Amino acid sequence: MAKDTYYFSHDVNASNDPKIIVMKELCGVISYAWWWILIEQLAAQEEYKLPMDKITFTGLGIAFGMKQNEAIASSNEAKLSTAKQAEAYVNLLINECELLETDGEYFWSPSLLRRNLLRKKKQEEISKKRSEAGRLGGLNSGKARSKTKQLLEANEANEANEANEAKGKERKGNNSYSYSYGDARENENSENVLTMFDENSNKHDPYKNVFKIYMNDVGEISSITKEKLEYLVNDFGEDEVITAISKASEVGKASIAYITAILNNKIREEAANGTSKRSSGNRKDKTKAVDTEIDWSKETADWL
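Residues numbered from 1 in each chain as written. Predicted model: local features only at pLDDT ≥ 70, side-chain atom pairs only at ≥ 80, totals over all residues. Heavy atoms only, no water.

### Focus: the overall build of the chain
Here is step 1: On a plain count of helices and strands, the chain comes out with eleven helices and three strands.
Here is step 2: Each of the 304 residues in the chain was classed as buried or not, and the buried ones make up 29%.
Here is step 3: Sequence separation of at least 24 residues holds for 61% of the intrachain contacts in the chain that already meet a minimum separation of 6.
Here is step 4: Approximately 20,000 Å² of the chain is accessible, and the part contributed by carbon and sulfur atoms is 49%. (Helix = DSSP H or I, 4+ residues; strand = E, 2+ residues; numbered from the N terminus. Buried < 20%, exposed > 50% of the residue type's maximum accessible area, 1.4 Å probe, protein only. Contact = heavy atoms within 4.5 Å. Areas by Shrake-Rupley, 256 points an atom, 1.4 Å probe, with all protein chains shown as cover.)

This is the structure in C-alpha cells:
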C-alpha cells in the first residue's frame, strides 16, 4: 500500500558520509543517483520497507536505468541481468556499506526509518494540539453564545417588566377603572361615565356605589349598562344589586344579564314564601311564584 509521503529529510552533506563514499568507490558516482532513487522508493512504502524478491529488483533495475551489459563492480557482474544488477547493488549496500538492513524478507534504510518515524510522531502531536485547540474554541464559542442568549433574555425580561410597570402606573392614574365599551352598538350610545363620580358631593348616591362595584367586580360599563343598573337599583335597592353583583362575580358569570337573573329569581323565591314587600308598579311584574328552578336563558334574553 502506497504511503502518503511528500518529503523526507536529506542532510546537505550526505555525499561526505563515509558510507556513501565507500559506495561511490565500489560502484562509481552513478551509484549516488541510484541511492537516492532507492530512498525515494522506500519512503513511498507504508512501513518504509521493500521486499527482497525478483519483482522488487526488476523494478529497481528499471528505475536505476541499468543496462544488461553495464559494469557495476567487476567483469563477472557485467554479464548479469538488470534485476541481478539491482539485487547485487542492494546486497552491497547491506553487506559492504552498511547503508541498508534486512531481515531476509524485507530491506530498509535505518536512517530513513528513524527520520520518518520521528516526523510522523511530530505530525501526530501537532494534529492532537490542533484538535484540542478546536475543541476548546468550540467550547468558548458555545459559552459566548450562551452568554449572549442570557443577556438578550435578561434585556427582554427587563423591557417586559418596565412595560408592565408603566401599564400599572397608567391604570393607577385612571383610578383602576376601564371605560372602553364592548361593541359598536354601545359605542354609538356611550357617554362619559366619569361624571358619575363627583368626589366633591357629600350626598349619598346609590347609583354611584353600584357603578363602582360593578366596574371593580365585572369590568367595563357603558351608557346602556349604566341605564340597566339604574333600573335594578330602582326596583331592588342598592344593597340587593350589590349582593347580586358579588354573587355573579363569585361564580364566574359576571354580566348584567346574569345579575338581573339573580335578582328576578330572588323575587320569585320571596313571592313563593309570601314574604315579598316590593311594589309591582315600577317595572314588569317580578312576583310570579315558581316552584321549579329558573330557566336562565329565558331570564337573560330580555337583557341581551
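Further notes follow.
### Some details on helix 9 (residues 238-250)
Here is step 1: If you check helix 9, its first and last C-alpha atoms are 19 Å apart, about what 13 residues at 1.5 Å a residue would give, namely 18 Å.
Here is step 2: Summarising the contacts, the buried residues of helix 9 are in contact with helix 7 (206-217), helix 8 (223-236) and helix 10 (256-273).
Here is step 3: Count one or two residues on from helix 9 and you reach G252, which has phi positive near 75 degrees. (Expected span 1.5 Å × (residues − 1).)

### A closer look at the nonpolar core
Here is step 1: Counting residues in hydrophobic clusters, the biggest one holds 27 residues, and the most contacted among them are W35, L38, Y89, L93, L100 and F107.
Here is step 2: Mapped onto this core, the elements with two or more residues apiece are helix 1 (18-27), helix 2 (30-43), helix 3 (54-64) and helix 4 (82-95).
Here is step 3: Among the elements that line this core, the one with the most residues is helix 2, at seven residues.
Here is step 4: In this view, L93 contacts M23, W35, L38, E98, L99 and L100; residues no more than four positions away in its chain are not counted.
Here is step 5: If you look at the next biggest cluster of nonpolar residues, it comprises 20 residues, including V210, F211, I221 and I256. (Core = buried A, V, L, I, M, F, W, Y, C linked by side-chain atoms within 4.5 Å.)

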